[in-house]
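Letter by letter, the chains look like this.
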Amino acid sequence: MKTTIFADRRFPIGRVDEKLYGSFVEHLGRAVYGGMYEPGHPTADEEGFRGDVMELVKKLGVTLVRYPGGNFVSGYNWEDGIGEKALRPRRLDLAWSALETNQVGVGEFRSWAKKVGAAPMLAVNLGTRGAKEARDLIEYCNFPRGTALSDLRRSHGYEEPFGVKYWCLGNEMDGPWQMGAKTAGEYGRLAAETAKLMKWVDPEAKLVVCGSSHSGMPTFGAWEETVLEHTYDHVDYLSLHSYYGNRSGDTGEFLACSRDMDEFISVVEAICDVVKQRKHSDKTMYLSFDEWNVWFHSNEQDKKIEKWIQAPPQLEDVYTFEDALVTGCLLITLLRHCDRVKIACLAQLINVIAPIMTETGGRAWAQTIFYPFMHAAALARGTALMTKVDCPRYAAGKYGDTPYVESIAVLDEENRRVTLLAVNRSLTEDAEASLELGGLPPLRKTRHIVLQSDDLKAVNTADAPDRVLPRETAPGERTVLEKHSWNVICWEY
Ligand code: AHR
């Protein structure tokens with residue numbers, strides 16, 4: 001299959017914000033307990049954080065972690081998770097019908113995030129609580145000293161303020177499944193008032209207001225408009241969420257789902273700009289795609305899980321090789337919109353629809369989807385370039401006419417490197433790619449990393465963690481994108 005990929009230094013899309021490589025840890029399933037935190041584990045440190053997991057998180061290259069939810073946050077009392085652990089209350093988590101022990105809270109999370117080198121992004125509860133509890137939390141976290149809440153933090157052993165910059169104003173507030181779900185008008189007013197108070201406590205705070213839970217919501221579009229009418233002047237980002245699955249068993253269609261993400265982002269950008277014009281504002285609303293992933297494998301299994309137990313094995317999707325290809329396409333799509341999408345979170349990080357899995361008390365390993373993320377986080381840095389791909393196309397079911405090859409070039413001026421990310425969606429044919437990279441001095445190809453498996457359903461498990469692994473190929477004259485493969489190709493100048 002003949003394929004030509006065009007990109008040019010003179011046609012940039014925008015800077016790739018490092019926060020594009022974020023992830024998400026919710027108090028859900030075994031994400032926190034048995035994942036991030038397991039005091040008795042052989043690799044646990046003095047705070048009870050698993051060392052093997054921290055190593056994998058660092059290897060993945062995650063730059064920011066959203067916490068503590070998700071649906072969980074809409075019933076959360078942040079005060080339950082501070083102070084002496086023995087005194088912390090056990091609560092029913094109504095979001096996931098589980099038991100929450102509160103042994104990990106905001107202080108522990110801040111400490112863990114520091115250890116893995118990721119910026120914390122906290123969500124406040126705007127479901128069952130409101131502006132007061134949110135302004136109290138930001139004061140506890142970020143105010144230096146000399147007030148009841150900042151001194152309370154200091155008395156808990158955290159002398160220095162946490163300096164949490166990124167905050168989500170609730171979670172999926174349009175969803176009927178959400179505790180304290182609201183209409184757009186109700187939420188817009190509450191979010192605006194909460195934002196004012198939070199920024200009065202900490203003017204450096206950057207706030208994310210909730211967009212729709214996904215583009216299929218009946219209120220999608222109208223929700224964004226109304227919420228932004230109320231909050232445009234007070235917030236910095238609007239959120240988007242989207243999960244994909246191969247429920248019909250049609251791989252060709254599934255591999256094209258990034259087209260849905262692409263359209264979703266374009267529509268939300270347009271809505272933001274309509275509100276901007278209507279308000280005669282100079283401010284551009286940025287986007288926070290703070291939940292994205294493949295999620296469907298565990299749906300049936302989850303229905304059988306016992307209720308009200310601690311750390312049940314919920315949402316433990318075992319990812320196939322084809323899921324990794326989808327992850328690659330979704331990453332390319334986010335990069336294509338990096339002029340507006342400034343934060344993105346692969347949802348989630350550990351055990352719960354996650355690139356990293358653990359056995360409680362045992363091993364930790366990387367799922368298939370770990371690798372495209374790791375490659376992009378390490379190498380797709382700098383400026384994304386407009387990238388046009390000339391290649392054959394196919395009819396991808398509900399996603400329609402789709403090019404076989406999905407690709408983006410990213411220029412890293414500092415390291416004098418161009419990185420091309422590319423997925424070949426064809427299930428039968430390799431793509432013989434010629435690359436036309438303009439506006440650059442002569443280039444030397446230095447690397448070609450490939451993730452490919454003959455078995456689209458291959459998975460990594462505790463016993464066989466290396467079934468799907470990337471390999472380096474010799475960076476020769478020709479550039480071949482093997483059938484159904486993820487590719488990272490680097491040139492230097
Ligand atoms: O990530 C799992 C759940 O998906 C989150 O709690 C929620 O925000 C979304 O519906």
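Structure: above.
Residues numbered from 1 in each chain as written. Predicted model: local features only at pLDDT ≥ 70, side-chain atom pairs only at ≥ 80, totals over all residues. Heavy atoms only, no water.

*Asks:* Just checking my understanding: could you explain the sheet that holds strand S3 (residues 64-67) for this structure?
*Replies:* Whenever strands of a sheet pair, they do so through backbone hydrogen bonds, lying parallel or antiparallel. If you walk around this closed barrel you meet the eight strands as S2-S3-S6-S7-S8-S9-S10-S11, and the pairing is parallel. Each neighbouring strand pair of the sheet contributes to a mean axis angle of 30 degrees, computed without reference to strand direction. (Pairing = 2+ DSSP bridges. Helix = DSSP H or I, 4+ residues; strand = E, 2+ residues; numbered from the N terminus. Axes fitted to C-alpha atoms, helices over the stretch in contact; angles between N-to-C directions.)

*Asks:* I would appreciate a short explanation of the environment of Ser 215 in the present structure.
*Replies:* Here Ser 215 lies in the loop between strand S8 (206-209) and helix H6 (222-231). Ser 215 gets classed as partly exposed once you look at its relative accessible area, which sits at 25%. When the C-alpha positions of Ser 215 and Lys 59 are compared, they lie 32 Å apart, and in sequence the two are 156 residues distant. Discounting chain neighbours no more than four positions away, the residues touching Ser 215 are Phe 220, Asp 260 and Phe 264. (Buried < 20%, exposed > 50% of the residue type's maximum accessible area, 1.4 Å probe, protein only. Contact = heavy atoms within 4.5 Å.)

*Asks:* Would you mind going over the side chain of Ser 407 with me for this structure?
*Replies:* On the secondary structure map, Ser 407 appears in strand S17 (residues 405-412). Engagement of the side chain of Ser 407 in a polar contact is seen with the backbone oxygen of Leu 421, the distance being 2.9 Å. Setting aside anything within four residues of it in sequence, one finds Ser 407 in contact with Ile 5, Ile 332, Arg 336, Thr 387, Val 389, Leu 420, Leu 421 and Ala 422. (Polar contact = N/O pair within 3.5 Å; in protein donor to acceptor, adjacent residues only side chain to side chain.)

*Asks:* Sorry, what's going on with the layout of surface pockets here?
*Replies:* A probe as big as a water molecule, rolled over the atoms, marks out the empty space that is left. In this structure, the largest pocket spans a volume of roughly 550 Å³. Taken together, 28 residues line the largest pocket, and the ones lying closest to its centre are Ser 213, His 214, Ser 242, Tyr 243 and Trp 295. Among the elements that line the lining of the largest pocket, the one with the most residues is strand S9 (residues 237-244), at four residues. Each pocket or cavity is described by its volume, and for the second largest pocket that value is around 350 Å³. Together, 18 residues line the second largest pocket, and Arg 336, Thr 387, Lys 388, Pro 403 and Glu 406 are the ones closest to its centre. Looking at the lining of the second largest pocket, the elements that each hand over two or more residues are helix H8 (258-278), helix H10 (321-336), strand S14 (383-390) and S17. Considering every element that reaches the lining of the second largest pocket, the biggest residue donor is S14, with five residues. Its residues assigned to classes, the lining of the second largest pocket comprises seven nonpolar, four polar and seven charged. (1 Å grid on protein atoms, 1.4 Å probe; cavity = no way out; pocket = protein on both sides within 12 Å on 5 of 7 lines; lining within 4 Å. Points joined across faces, edges and corners; volume = space filled by probe spheres on them. Nonpolar A, V, L, I, M, F, W, Y, C, P; charged D, E, K, R; others polar.)

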